[in-house]
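Chain residues, written in single-letter form:
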Amino acid sequence: MSRRSAHPGRQRSAGMALLMVISAITILALVLMEFSGSTRTHLSAGTNIRDDIRAQTAADTAMVLTRACLDPTAWGPMASMQSKLDLEKLCHMMLKIFTEGRLDLPIGGLSMPLEGLEGTGLDKGEIEHFELRPEASFIGLAGLLCPNETPICPVRRSTIRMLRTVLCHPRINYIFEREQADGRSYTRAEIIGNIIDWMDADDTRVQVDIFTGQVTDDVGEGEDSYYRDVTGDRYRSKDAPLDSIEELRLIRGINDELFFYLQNQVSVYASGKLDFNTAPASTIATALKSMSNTLTTFDRNSGDECAALDENRMLIEAQIQRYAALIVEARELKGMLAMLGNAVKRTQDATALVADPVQVMLPFLAMQSLGADPMQVQVDYLQRKGWDPNVYIALTAEMAPIAQAMPTLIKTESNLYRLRARARVGNITRTVFAVLKRDGKIIRTLYYREE
């Protein structure tokens, strides 16, 4: 005989209560989990917002301190020395002092804390990248404008030849081999001519000889006819210098691919003369290639604007690229003696560097091989660098006329600077990019953007 509960209703009520408690606990756990996840998300978002503000403030602080470093009024009686110093090294050193309370010396990588100096309170972040370089370290598109349209304009000619060298890189050949969005294809000469037409004051199209850099008036349609056909009345040729690098996108024939290729190789503010103290090896190589008689002869004989795929031509280009690296190495060795000063103080220094960079380095190399024959020291150095000494000697002969032309095409002082500063706080980075101009006793910001 089975035994039944004396209170079945009470058991059912207890079971229902247990089920309700378990359900409530489950719901509460889900709510707590959602609340916890939402709290973590909001906390992370708040942390990111805080770090973003800190990073942006640090990057902006780098720009403000750079402006102060460039300001001649802050130098007082030493303002006359400003143009003779390597301002990138100096401003970077000053930035470390004021932001981190540290002194980073430009030689040997020495760094020391400055006791009692706390900096600006940005110690929770860091300026992980700082670059201050004269705009004249790049190919200056303003050099395409010839003052008073004089018939002899050496800077414009050299700028055209350098642009041609840049545009002849095999990596962008495809841009000139196919039609663009407007249904037309463009030659390199037409691209350079279109940039000139955009900036010059008249409505006459120009024709460019990219081998000699000669510019003549062309017959046919005016500068604005193309822009009227394609854009209607939205815009015409500017007939004035470029104000920003993005403005290149408005010019006929410069599509996005060509713009992104050019933007880090050219300056819309520089006058066309290279700053030989700061120009990188790639820009120096471009200048040397553009003036090489051998490479120009290759291209003329090819019947095309560029003979870029010719094996012999490619070999000479590679040798000139390595030669430019030697020039930069020699310049840096001279700069070590100058501490914070410029390595190239006179145009004659640039002539010597281009004519024979190893000869310029000889005093430094000789210190490592006391008593050795100077000629043997040079040969040993070249062989360590992978050079055939005979090839190097042949190349110095190619460089001789280029070296003599340097004084008219380069400069040793600048008043326009390109600043890029990247700051990091936690996982957040912020970058500011600006173009600064020393205009007498005033520092002007010609361009600014956040990246």
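If you're wondering where the values come from, they're calculated on a predicted model, not measured in any experiment.

**A word on the overall build of the protein chain**
- From N to C terminus, the protein chain includes 14 helices and twelve strands.
- Of all intrachain contacts in the protein chain linking residues separated by at least 6 positions in sequence, the fraction that spans at least 24 positions is 65%.
- For the protein chain, the accessible surface area stands at approximately 23800 Å², while carbon and sulfur atoms represent 56% of it.

**What about the pairing of strand β10 (residues 416-425)?**
- Most of β10 is tucked away, with eight of its ten residues classed as buried.
- The sheet contact formed by strand β3 (residues 126-134) and β10 spans eight bridges and is antiparallel. Of the residues in β10, the one forming a bridge with Arg 133 is Arg 418.
- Counted along the chain from β10 to the antiparallel partner strand β11 (residues 428-439), the turn is two residues long, and its residue Gly 426 has a positive phi close to 60°.

**Thoughts on the packing of aromatic side chains**
- Within this structure, the stated rule accounts for four aromatic pairs.
- Note on Trp 387 and Tyr 392: the rings are 5.7 Å apart at their centroids and 85° apart in plane angle, and the pair reads as edge-to-face. Of the two residues, Trp 387 and Tyr 392, neither departs from the other in class, the shared state being buried.
- Where Phe 433 meets Tyr 447, the ring centres are 5.9 Å apart and the plane angle is 75°; that geometry is what we call edge-to-face.

**Observations concerning the side chain of Thr 165**
- Here Thr 165 shows up in helix α3 (residues 154-167).
- Leaving out residues up to four positions away in the same chain, Thr 165 has contacts with Thr 286, Lys 289 and Ser 290.

**Concerning the sheet that holds β10**
- Ordered in space as β3-β10-β11-β12, the four strands form an open sheet in which the pairing is antiparallel. The two strands at the open ends of the sheet, each matched to only one other strand, are β3 and β12 (442-450). Sheet twist, expressed as the mean angle between neighbouring strand axes with direction ignored, is 20°.
- Where β10 meets β11, ten bridges bridge the pair, whose relative direction is antiparallel. Paired with Arg 422 across the strands is Thr 431, a residue of β11.

Reading the values: rules and limits
- Residues numbered from 1 in each chain as written.
- Predicted model: local features only at pLDDT ≥ 70, side-chain atom pairs only at ≥ 80, totals over all residues.
- Heavy atoms only, no water.
- Helix = DSSP H or I, 4+ residues; strand = E, 2+ residues; numbered from the N terminus.
- Contact = heavy atoms within 4.5 Å.
- Areas by Shrake-Rupley, 256 points an atom, 1.4 Å probe, with all protein chains shown as cover.
- Buried < 20%, exposed > 50% of the residue type's maximum accessible area, 1.4 Å probe, protein only.
- Pairing = 2+ DSSP bridges.
- Phe/Tyr/Trp six-rings, centres within 6.5 Å; stacked < 30°, edge-to-face > 60°.
- Axes fitted to C-alpha atoms, helices over the stretch in contact; angles between N-to-C directions.

These figures capture arrangement, not role.
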